[in-house]
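# Structural features, examined
Listed here are the chains, written in short residue letters.
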Amino acid sequence: MAPKRSSEETDLADEQQRQALEQAPVGHASHASTETTAVQPEPLPQHRNKQHKQDRSKERRERQPTHPSKKRPPKSKQERNETATPPDYYFDSGLRKVRPYPFLYQTYAKQRWLGMTIAQVFEKEFHDRPAAYYRRAIEQGTITINGSVVPPTYIVKNSDFIENLIHRHEPPVTDAPIEIVHRSDNLLIISKPSSIPVHPTGRYRHNTALHILQHEHNLPALFPVNRIDRLTSGILLMALDKETTASMTLEMRERQIHKTYLARVKGEFPPGPLTCTEPIETIPFKVGINIVSPAGKPCTTRFTRLSYNGITSLVQCEPLTGRTHQIRVHLQFLGHPIANDPIYCSGSWGEHMGKGGLTDAEREAVIKRVALSAFASEDAILEGGTASAPEPVSRREQQDAPQDAPQDAPQDAQQNMQQPEPLDRLATAAANCAECRMQRHDPIPEQLTIWLHSWKYQGETNGWQFETAMPDWARDDFDGDRQLADRFWAHGGRWDGRAPGEFIAD
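This text gives an overview of the structure that appears in the document. (Residues numbered from 1 in each chain as written. Predicted model: local features only at pLDDT ≥ 70, side-chain atom pairs only at ≥ 80, totals over all residues. Heavy atoms only, no water.)

## Some remarks on the sheet that holds strand β5 (residues 161–168)
In a beta sheet, neighbouring strands are held together by backbone hydrogen bonds and run either parallel or antiparallel to one another. Taken together, the three strands give an open sheet; going across it, the order is β3-β5-β4, and neighbouring strands pair in antiparallel fashion. The open sheet is flanked by β3 (101–108) and β4 (143–145), the only strands paired with a single partner. The average angle at which neighbouring strand axes cross in this sheet is 15 degrees, direction not considered. Two strands pair when backbone bridges link them, and β4 and β5 are joined in this way by three bridges, in the antiparallel orientation. Bridge pairing links isoleucine 143 to asparagine 164 in β5. (Pairing = 2+ DSSP bridges. Helix = DSSP H or I, 4+ residues; strand = E, 2+ residues; numbered from the N terminus. Axes fitted to C-alpha atoms, helices over the stretch in contact; angles between N-to-C directions.)

## Notes on the environment of leucine 448
Within the secondary structure, leucine 448 sits in the loop between α14 (422–431) and β17 (452–459). Relative accessible area serves as the criterion here: at 10%, leucine 448 is assigned to the buried category. Distance from leucine 448 to serine 195, taken between C-alpha atoms, is 5.0 Å for residues 253 residues apart in sequence. Apart from residues no more than four positions distant in its own chain, leucine 448 is found in contact with Leu95, Thr174, Ser194, Ser195, Leu231 and Pro443. (Buried < 20%, exposed > 50% of the residue type's maximum accessible area, 1.4 Å probe, protein only. Contact = heavy atoms within 4.5 Å.)

## Comments concerning the pairing of β17
The buried fraction of β17 is high, at six of eight residues. Two elements, strand β10 (residues 233–239) and β17, share two bridges in a ladder whose sense is parallel. In the strand pairing of β17, serine 233 is matched with histidine 453. Pairing geometry for strand β11 (residues 257–266) and β17, over seven bridges, is antiparallel. Each bridged residue has a counterpart across the sheet, and for alanine 263 the counterpart in β17 is leucine 452. Across three bridges, the pairing between β17 and strand β18 (residues 465–467) is antiparallel. Note that in β18 the partner of tyrosine 457 across the bridge is phenylalanine 466. Counted between consecutive antiparallel strands, the loop separating β17 from β18 contains five residues, among which glycine 463 sits at a positive phi close to 80 degrees.

Laid out in structure tokens, this is it:
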């Protein structure tokens, strides 16, 4: 077998053949195109060969950016110490909280960011702060490129290394303990309380199942096999080594693990078994709302009603596939969303609350309403008048700020870079922390959960099975749903008309 040619060698051979065909007599051109034997051109001179490779490589890199190859700029010892502090947990009024701490976000430029200004990247990609906050952070050096301070008009290039040093405030979660269902040398099975994310995501880092378990049980490494939503409770499979992770992940991928969930849904669910096979699409990806759509991925969920109390139904759910929000979306499509689901039981979906799916005509407007209701940015919260706390910069300053430079901005902006002082960066991040100057409402218990529980997991090949106790809301004598009409449904899917974590007005 002939050795495999590199992409550069292939490009060079193609170019040589094209040049040879162009130089051939016209009478031979059509004949050559029908022959099975390729024309063998004379080799290019060595210096042309080398230059051609360099030009083609440069053209290919510009056309399709490669993965970054540069090493991360080294952090100072001070920054390493200050941004690697262990979690400082404390408990207050039924909540687990984390004291604020400095944290350094680090990432390489993504392909979709190339050609945008650094200010545009943060304003369009990250919505948890007002746009003016990010512009100020860039100007003051808590957001840097390749370890240097740059102006907001800096054009992001391939392999740029972006850092954002912040004073991090995590949302509180329930103080309910994480129950260990089973532990062996290579496997840990837990029952996760609702409100706790599985792994670091968004504003959560230490207040996650992974970090809490590592902190409280001194576990060096955990590898989640399955994932459940932050507001969902129940079974979570965690491997203690990579081999077990690979084995169980393969079982999951090949659908050899049978999953059973419990849900309490709005209204009287139809009796008898019911199967929903509607495809599900995630749109928009940045927000993570999911809808039934012909363009979605195939999904199957089996449902069985267990009881009905006149207000809500207890339903057993068996997802045969593992799409994000699959159970929640299928129940909404069937007209029986989870009764206290702030996303899929929201009035923003319209009169029928998403039953039967969305038409093409209403889809865009509905998705926008739901996104604003369920995932309001800090900017939207401030604009909505729910807080009078000071902003990082005023609205007038934001309006008067210079607009982003076009993509062909002069390159002198690219050169206006300077190395920040580490101590100054840490002090600046803390001094400019808007959260430190604001006060939020703590979430109430009702905002920390939805009535969806991961109940049983069973391996069909190896015969293993794990099960948690039923949650309180799944009991026959549960009457907590009587308050839904006045406190939740009447407010369009917000408990008492308030969003979790709202700012306290003066």
